Amino acid sequence: AEHADARAPSRCASPSSGMIRRAPTIRRAFSAHTSGQLAQEVRHRAEAIHREVLAPLNDRLMGPLERREFAQTVPLPFVLLLGNHSSGKSSFINHVLGRTVQQTGVAPTDDCFTVIAPGTADADRDGPSFVGDPDFGFSPLRVFGPGLLNHVQLKVRSGLAVDGLMLVDSPGMIDSPQTATRAADAQRGEEGLLASPLSLLRAPPTDRGYDFLGVVRWLAERADVVLLFFDPDKPGTTGETLACLTTSLSGVNHKLHIILNKVDRFEQLHDFARAYGSLCWNLAKVIPRKDLPRIYTMFL
């Protein structure tokens, strides 16, 4: 009886309150293996809901959800920089980061997509090793073929003035000789009329060995901010830039910021007004909006 009394009570009376309280029961905790299985099951269920319910609804209603898979998430927020060659992208990167990371110059200095990430020590990785590492989240870029992998690089830099984000520099957009010839022919025209920027879109894009506009589209959909640089000498006149606006950047207007750089080069106010007006004119031909987006002006 004494042994039975020692084992039986699952409840006992509190002498101070007179209330019946439940005695603490020992439950077996989940093992690490069981917890891992539970987390994996929750993840699979969330992916299934996103894939079967949310993603089709988002595509049908043109919703705000970004078109990415769970396994393709980039670990850090990043800013994508686009623009014509010599528009000041590399100088802007060096200024923001507080150290010289990218080469600068009037002529095109780089033909790669360069991902700049913070780290404890400086390190460089080429395209195949960087894209092939699933931890960075850029593995889906492999679908664009070896032509792109040879034009992608990672630069890890320490001691940056801005931490907690990545910057993605892009090759400067220029026109190939074939595009320039077609643009000149279109400008002369049969009736002597000036060519609109839309005529440049009919010309073939610069042959880079990979789908440049497709890569920009992939990056723009996953970027948190997209900066599009123009300079006074080439205010949006290249066919590749206009094609990028109409195809690659379509639907990402909420994170696109247009910048007219190097405004300190204007000596007279009317020079600034002419360049600003030329940029607005060219953008109005390719942006299907009644009101043009805000154009920021800056110089370093």
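As a convention, each chain's residues are numbered from 1 in the sequence order in which they are written. Per-residue local features are limited, in this predicted model, to residues with pLDDT of at least 70; the limit for side-chain atom pairs, both in listing and counting, is 80 or more; totals at the level of whole chains, interfaces and linings are taken over all residues. Each side-chain value is derived from all of the structure's non-hydrogen atoms; neither hydrogens nor water enter the calculation.

What follows covers helix α3 (residues 89–97). Those residues of α3 not exposed but buried are K89, S90, F92, I93, N94 and L97. After α3 finishes, the residue G98 shows a positive phi value of roughly 80°. Between buried and exposed lies partly exposed: a residue is buried under 20% and exposed over 50% of the maximum accessible area for its type, with that area taken using a 1.4 Å probe on protein chains only. Labels follow the DSSP assignment, with helices taken as runs of H or I lasting at least four residues and strands as runs of E lasting at least two, numbered in each case from the N terminus.

With that settled, the discussion passes to the pattern of salt bridges. The salt bridge definition used is simple: a Lys or Arg side-chain nitrogen within 4 Å of an Asp or Glu carboxyl oxygen. In total, this model carries six salt bridges according to the counting rule given. The shortest N-O distance in the salt bridge between D122 and R99 comes to 3.1 Å. Here D122, found in the loop between β4 (113–118) and β5 (123–126), pairs with R99, found in the loop between α3 and β4; they are 23 residues apart in sequence, far enough to count as distant. When its relative accessible area of 26% is taken as the criterion, R99 is described as partly exposed. We note a salt bridge from R222 to E221, for which the minimum N-O separation is 3.6 Å. The buried category is assigned to R222, whose relative accessible area is 8%. Three or more residues are tied together by salt bridges with common partners; here these are R217, E221 and R222.

Glancing now at the sheet that holds strand β6 (residues 152–157). In this description, strands pair whenever DSSP reports at least two bridges between them. The eight strands are arranged β5-β6-β4-β7-β3-β8-β9-β10 in an open sheet whose pairing can be described as mixed. Across the chains shown, the open sheet's two edge strands, defined by having one partner strand only, are β5 and β10 (295–297). On average, each strand axis in the sheet is inclined to that of its neighbour by 25°, with strand direction left out of account. With three bridges connecting them, strand β9 (residues 256–260) and β10 associate as parallel partners. Counterpart to L260 in the pairing with β10 is T297. Axes here refer to lines fitted to C-alpha atoms; in helices the fit is confined to the stretch in contact. Angles between the N-to-C directions go from 0 to 180 degrees.

Once that is clear, we can look at the confidence of the model for the protein chain. Counting all residues, the mean pLDDT for the protein chain is 77, and 71% of those residues have values of 70 or more. Confidence scores here are pLDDT values: one per residue, from the predictor, ranging 0 to 100. Should any heavy atoms of two residues lie within 4.5 Å, those residues are considered in contact. Long-range and interchain partners of residues 1–30, a stretch whose pLDDT sits below 50, account for 13 contacts in this model, where long-range means more than four residues apart. A low-confidence stretch, residues 177–206 (pLDDT under 50), is modelled with 32 contacts involving residues beyond four sequence positions or located in other chains.

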